[in-house]
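Residue strings, one per chain:
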Amino acid sequence: MHTVKAIYPGTFDPLTNGHLDLIARGAKIVDELVVAILRNSEKGAPLFTVPEREEMIREATQGFGNVSVITFNGLLVDCARQQGAKAVLRGIRAISDYEYEFQMAMMNRKLDPELETLFMMPAEKYTYVSSRLIKGVFQLGGDVSALVPPLVMERLKAKVPNRSDS
Ligand code: PNS
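Along each chain, residues carry numbers from 1 onward, in the same order as the chain's sequence is written. The model is predicted, so local features are restricted to residues of pLDDT at least 70 and side-chain atom pairs to those at 80 or more, both for listing and for counting; the totals for chains, interfaces and linings are taken over all residues. Side-chain numbers come from the whole structure's heavy atoms, not from hydrogens or water.

### A short note on the pairing of strand E5 (residues 116–120)
Where strand E4 (residues 87–91) and E5 come together, 5 bridges link them in parallel fashion. Directly across from Leu89, in E5, lies its bridge partner Leu118. Handedness of the crossover is the feature at issue here: the chain leaves E4, passes through helix H4 (residues 95–111), returns alongside E5, and the resulting connection is right-handed. Here the rule is simple: two strands pair whenever DSSP picks up at least two bridges between them. Counting from the N terminus, the helices are DSSP H or I runs at least four residues long and the strands are E runs at least two residues long. Handedness of a crossover is defined as follows: orient the strands so they point away from the viewer, and if the path from the first strand over the helix to the second runs clockwise, the crossover is right-handed.

Listed below in structure tokens is the structure:
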């Protein structure tokens, strides 16, 4: 039987409802979806460790029968090949995402012409949500509870206890 496996890579620091929305959409389209957390991100010091992020994604996606979670280092195309994934899933929220996503998709195609990139759009209500904004707003005392899964909210509270003092 012909099955399609896709890889959904990212930093996920932390998982947001936008990510979860995309996972749900992707899981309906492909047979198997592998969420892949980049271990050696160049984005600077993360708030959550890789094992913490992995645990949060596992918990939040346990209801999906065809979603698994892994971590990776190095090139995404190598990870995709090892996994037997035919496609990379990425979310596009706004035009501003396009250039970065286009460059990554083209570079990945150069590195592996067999690997396709699939773009999907999250629900409109999450189009402005990013992990960076979630962390920033929460650290300043803002309410982000509608924008992340409850289990992520709990972890945020545990990590950043004195937010009212910020
Ligand atoms: O959530 P992010 O930070 O936008 O995800 C970026 C990610 C992890 C998809 C990207 O940085 C990545 O694939 N890194 C692995 C290194 C790689 O393959 N680089 C070449 C592709 S341009």
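We are not done yet, so read on.
### Examining the site of the ligand
Not every one of the 14 residues close to the ligand is listed here, only the nearest: Thr11, Lys43, Leu76, Arg90 and Asn108. Within the contact set of the ligand, an oxygen atom lies 2.6 Å away from a side-chain nitrogen or oxygen of Thr11. Here a polar contact means two N or O atoms within 3.5 Å. Within protein one must be a hydrogen donor candidate and the other an acceptor candidate, and residues neighboring in sequence count only if both atoms are side-chain atoms. Here an oxygen atom of the ligand and a side-chain polar atom of Arg90 are 2.9 Å apart. Here the Shrake-Rupley method, with its probe set to 1.4 Å, supplies the accessible areas, and only the displayed protein chains count as covering residues. Here the ligand, which alone exposes 550 Å², has 78% of that area covered by the protein. Nearness of a residue to a molecule or strand requires only that one of the residue's heavy atoms be within 4 Å of it.

### Brief notes about the pattern of salt bridges
Take a side-chain nitrogen of Lys or Arg and a carboxyl oxygen of Asp or Glu: if they are within 4 Å of each other, that pair is a salt bridge. Going through the model one piece at a time under the given rule, you end up with 14 salt bridges. Residue Arg53 is joined to Asp13 by a salt bridge in which the shortest nitrogen-to-oxygen separation is 3.9 Å. Within this pair, whereas Arg53 is found in helix H2 (residues 50–60), its partner Asp13 is found in the loop between strand E1 (5–10) and helix H1 (17–29), the two being separated by 40 residues in sequence. Judged by its relative accessible area of 3%, Asp13 is buried. For the salt bridge of Glu54 with Arg58, the shortest nitrogen-to-oxygen distance reads 2.5 Å. Here Glu54 pairs with Arg58, and both are found in helix H2, just 4 residues apart, close to one helical turn. Bridged by salt links that share partners, the residues Asp13, Arg53 and Lys135 form one connected network. Think of it in three bands: residues with accessible area under 20% of the maximum for their type are buried, residues over 50% are exposed, and the middle band is partly exposed, with areas taken using a 1.4 Å probe on protein chains only.

### Describing the sheet that holds strand E3 (residues 67–72)
Ordered by their spatial adjacency, 5 strands build an open sheet running E3-E2-E1-E4-E5, and the pairing between neighbours is parallel. Edge positions in the sheet fall to E3 and E5, since each has one partner strand and no second. Each adjacent strand pair in this sheet contributes to an overall mean axis angle of 30°, direction not counted. Contact criterion: two residues are considered in contact whenever any of their non-hydrogen atoms come within 4.5 Å of each other. In this analysis an axis means a line fitted to C-alpha atoms, helices contributing only their contacting stretch, and an angle means the value between N-to-C directions, from 0 to 180 degrees. The strands touched by helix H3 (residues 76–83) within the sheet are E1, strand E2 (32–38), E3 and E4, with E1 carrying the most contacts at an inclination of about 145°. Here H4 sits on the sheet and contacts E4 and E5; the angle it forms with E4, its principal contact strand, is near 170°.

### Observations regarding the nonpolar core
Counting residues in hydrophobic clusters, the biggest one holds 34 residues, and the most contacted among them are Tyr8, Leu15, Ile23, Leu33 and Leu156. Contributions of two or more residues to this core are made by E1, H1, E2, H2, E3, E4, helix H5 (131–139) and helix H6 (150–159). The residues touching Leu156, leaving out its near neighbours within four places in the chain, are Leu47, Phe48, Ile134, Phe138, Val144 and Val148. Membership of the second largest hydrophobic core comes to 13 residues, among which are Val34, Leu38, Ala80 and Val88. To form a nonpolar core, buried Ala, Val, Leu, Ile, Met, Phe, Trp, Tyr and Cys residues must be joined to one another through side-chain atoms within 4.5 Å.

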